[in-house]
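Geometric and topological summary
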Amino acid sequence: ILYALTILETPAPDYPTIPIWQTLYDHARGITRAESYNTRIRPIIERHGAVNLWHAGRWVVLATRPDLVAQIFRQDDIFIKGGNIKKIPHSTFARIFGVNIIDSHGALHTSFTEIIKPGIQRRFDLEPAKASSAQLAESLLREQAQHPAKGVGIDHGIMEWAVRVFADSFLDLDAERVQVYFPRVVEAMDRFKDGVATRLQTLLYNIFPSLERLHWLLPSGHYGVRIADRLEDLIMELAELTDEDHANATRSRDNEQVIHRLRKAYRAGSITKYHYRCNLKQLFIAGVENIDIVLNSALWELGKNVALQRRLRHEVLTKLPGNYTESDLDELPLLTATVYETLRLYPPLINLINRYTSEPVQFGSDTTHPLPKDTWVGWHSYGTHTDPCVWGTSAREFDPDRWGWDTVTIHNMFRGMQVKGKFFPFATHGRRCLASKFALTQMKLALCELLRRVEWERDEDYNLSLVTGVLLGPRNCKLFFRERVKKELNEPSLDC
Ligand code: HEM
């Protein structure tokens, strides 16, 4: 069957092919995307810039060379967003994400953007996020006090922090109001993060994606569906809470928040109920899990490198005013470089294959055959970000100093590398993440609040393992925390 499939489906002739059995073998072993990339794909793609890969029942072209990546993002009328709903319509991912702002194209995408963008790119009050980050520091210290001899697992605390921040910024919900939901939301997100298919399902669905339509035929067939539906129910419950919250007048309503803008559009008939739900689910998942995993990655790297953590703390304590603003955060060079470096080595969306060609296209200047219409094409940010031809021989090391020493140089490098397709944790060009500024601020703010309150280092019993789902970042990371020892620094008081 495999032989027949590979004959029927023809890979792009200009690029080498990763043998189908290797991909399937890796699925069967349940190894992570980063491990599979490092062992199978890296040795070939670093020489050729792109490869043919077996994915979701077809050959797709996966690119890492910057000019190819930039072409995908720049020509977004040719490399059209399709998403799971078009690629694998009966899949669990299609079920949960449906038709939404990230995966849509053309007039539909424009109408979603008009509704959602102003809600994401407005001015945010930093105070609730500062309070949530301070609370995270306290909860880590409390847990450490309960088990002084053991490293503290950081993922639940950070997930709770990410849910708080999302609820406050996009659902117009007070964190205290959401408190009772935390255990359920954290559990549901955790399960989602670990993947929505068993190994057997991943293997089978990669060969015959249509089988997912008959998921009930397989043992544990409902596995992913249950995870997705449970998460969907919870997200909808939280959204309902917003109305109740305002009926109880616990905080003044902010009509510019995403939830209100989406509701208004639905009630006015500009979007269907299905579109309302899909967008809400997509934004919740993108907003919570990406930020959550990047903070995990940053704490892990700073826990390993205590000298860097000290330098960073010194910068925060000596340069950041007590009552700081977003632009004060942008003025800290090492902090900014550390966040960029985290996103370079641990881009949460490690790779996406969610675009297809709307017409035959010459892919790269050195090819002899155009890619036919309807070829699925994807990028691998971890691949490009760790390619020594792009980032030098230390590409796989964590080194914030590579970004430069002053904010102008660092910001210029950040912009330049994105335009050239060398750095794209948020994608780049026309369909870049609408919340990149928000996400960068949240990351910086959380790190500042933690650095001001706690010191941490790695638990030698913990060796880095990665999450198994579609994201890249540490899994079950454990660190030792202690309250920061206040030294003789000209540091501003936390209360000022
Ligand atoms: C560290 C955090 C984040 C990272 C790394 C990230 C990454 C990305 C990436 C790679 C894309 C492009 C996806 C594609 O090409 O299909 C994207 C798009 C998007 N992201 Fe984010 N994201 C983050 C946080 C957020 C947050 C907090 C929100 C809002 C709740 C958000 C909302 C969006 C939206 C609306 C788009 C679609 C933009 C468009 O297509 O017009 N993201 N994000």
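Numbering of residues begins from 1 in every chain and follows the order in which that chain's sequence is written. A pLDDT threshold of at least 70 governs which residues receive local features in this predicted model, and a stricter bar of 80 or more applies before side-chain atom pairs are shown or counted, although totals over entire chains, interfaces and linings include all residues. Remark: hydrogens and water are excluded; side-chain values derive from all non-hydrogen atoms of the structure.

**With respect to unusual backbone geometry**
- Not every positive phi belongs to a glycine, and D172 is a case in point at roughly 55°.
- Secondary structure elements are defined from DSSP: runs of H or I of at least 4 residues count as helices, runs of E of at least 2 residues count as strands, and each element is numbered from the N terminus. The residue D172 is located in the loop between helix 9 (155–170) and helix 10 (175–178) in this model.
- The phi dihedral of A427 is positive, around 60°, even though this residue is not glycine.
- Counting through the fold element by element, A427 comes out in the loop between helix 21 (407–419) and helix 22 (436–453).

**Here we look at the sheet that holds strand 7 (residues 454–458)**
- Strand order in the open sheet made by the three strands is 4-8-7, with antiparallel pairing throughout. Each having just a single partner strand, strand 4 (152–153) and strand 7 make up the two edges of the open sheet.
- Here two bridges tie strand 4 to strand 8 (residues 478–483), and the two strands are oriented antiparallel to one another. Paired with V152 across the strands is L479, a residue of strand 8.
- The criterion used for residue contact is that any of the two residues' heavy atoms lie within 4.5 Å. Here, axes are lines fitted to C-alpha atoms. For helices the fit covers the stretch in contact, and angles between N-to-C directions go from 0 to 180 degrees. Contacts from helix 15 (residues 273–304) reach strand 7 and strand 8, with the element oriented near 80° to strand 7. Any two strands with at least two DSSP bridges between them are considered paired.

**Describing the coordination of the iron atom of the ligand**
- The donor set covers N, O and S atoms within 2.8 Å of the metal, switching to 3.2 Å for Na, K and Ca, and it leaves out water, so a site may look short of donors. A lone protein donor contacts the iron atom of the ligand, and this donor is C433 (SG), found at 2.3 Å.
- Within the secondary structure layout, C433 lies in the loop between helix 21 and helix 22.

**Digging into the site of the ligand**
- Any residue with at least one heavy atom within 4 Å of a molecule or strand is counted as near it. In the region of the ligand, 26 residues are neighbours, and K81, H109, N354, R431 and C433 sit closest.
- Each polar contact in these results corresponds to two N or O atoms within 3.5 Å; when the atoms are within protein, one needs to be able to donate a hydrogen and the other to accept it, and residues that are neighboring in sequence are counted only if both atoms are side-chain atoms. At a separation of 2.7 Å, an oxygen atom of the ligand approaches a polar side-chain atom of N354.
- Put simply, the parts of the chain that give the shell around the ligand at least two residues each are helix 7 (106–120), helix 9, helix 15 and strand 5 (351–357).
- Counting residues per element, the shell around the ligand draws most heavily on helix 15, at five residues.
- Any residue that is not Ala, Val, Leu, Ile, Met, Phe, Trp, Tyr, Cys, Pro, Asp, Glu, Lys or Arg is counted as polar, Gly included; the first ten are nonpolar and the last four charged. When the residues that make up the shell around the ligand are grouped by side-chain class, the tally is 19 nonpolar, four polar and three charged.

**Some thoughts on the confidence of the model for the chain**
- On average, residues of the chain score 91 in pLDDT, and 94% of them reach the 70 mark or higher.
- pLDDT is defined as a per-residue confidence score from the predictor, taking values between 0 and 100. Scored below 50 in pLDDT, residues 492–496 makes eight contacts in the model with residues more than four places away or belonging to other chains.
- Across the whole predicted complex the pTM is 0.94, and at the interface the ipTM reaches 0.99.

**Some points on the pattern of salt bridges**
- By definition, a salt bridge exists where a carboxyl oxygen of Asp or Glu is found within 4 Å of a side-chain nitrogen of Lys or Arg. Under the criterion given, the structure shown has 28 salt bridges.
- Across the pair R122 and D254 runs a salt bridge whose closest N-O atoms are separated by 2.9 Å. Of the two residues, R122 is situated in the loop between helix 7 and helix 8 (127–146) and D254 in the loop between helix 13 (223–247) and helix 14 (258–267); the sequence distance between them amounts to 132 residues.
- Take R122: its relative accessible area is 18%, and that puts it in the buried class. Summary of the burial criterion: residues with accessible area below 20% of their type's maximum are buried, those above 50% are exposed, and those between are partly exposed, where the area comes from a 1.4 Å probe applied to protein chains only.

**Some words on helix 21**
- Helix span, expected: 1.5 Å multiplied by one less than the number of residues in the helix. Between its first and last C-alpha, helix 21 extends 18 Å over 13 residues, near the 18 Å set by a 1.5 Å rise per residue.
- Every buried residue belonging to helix 21 is among T407, I410, H411, F414, M417 and Q418, and all of these are buried. For helix 21, the arc enclosing every buried residue in end-on projection is 135°, short of the 170-degree limit, so these residues lie on one face.
- Along its buried surface, helix 21 packs onto helix 17 (326–330), helix 18 (333–345), helix 20 (388–391) and helix 22. The directions from the helix axis to the C-beta atoms are what the arc is built from.

**Here we look at the environment of A131**
- Here A131 shows up in helix 8.
- Each C-alpha atom of the pair A131 and A175 lies 9.9 Å from the other, and the pair is 44 residues apart in sequence.

**Side note on the environment of V454**
- Note on placement: V454 falls in strand 7.
- Each C-alpha atom of the pair V454 and A439 lies 22 Å from the other, and the pair is 15 residues apart in sequence.
- Once residues lying within four places of it in the same chain are set aside, the contact partners of V454 are A137, L141, R313, F481, R482 and R484.

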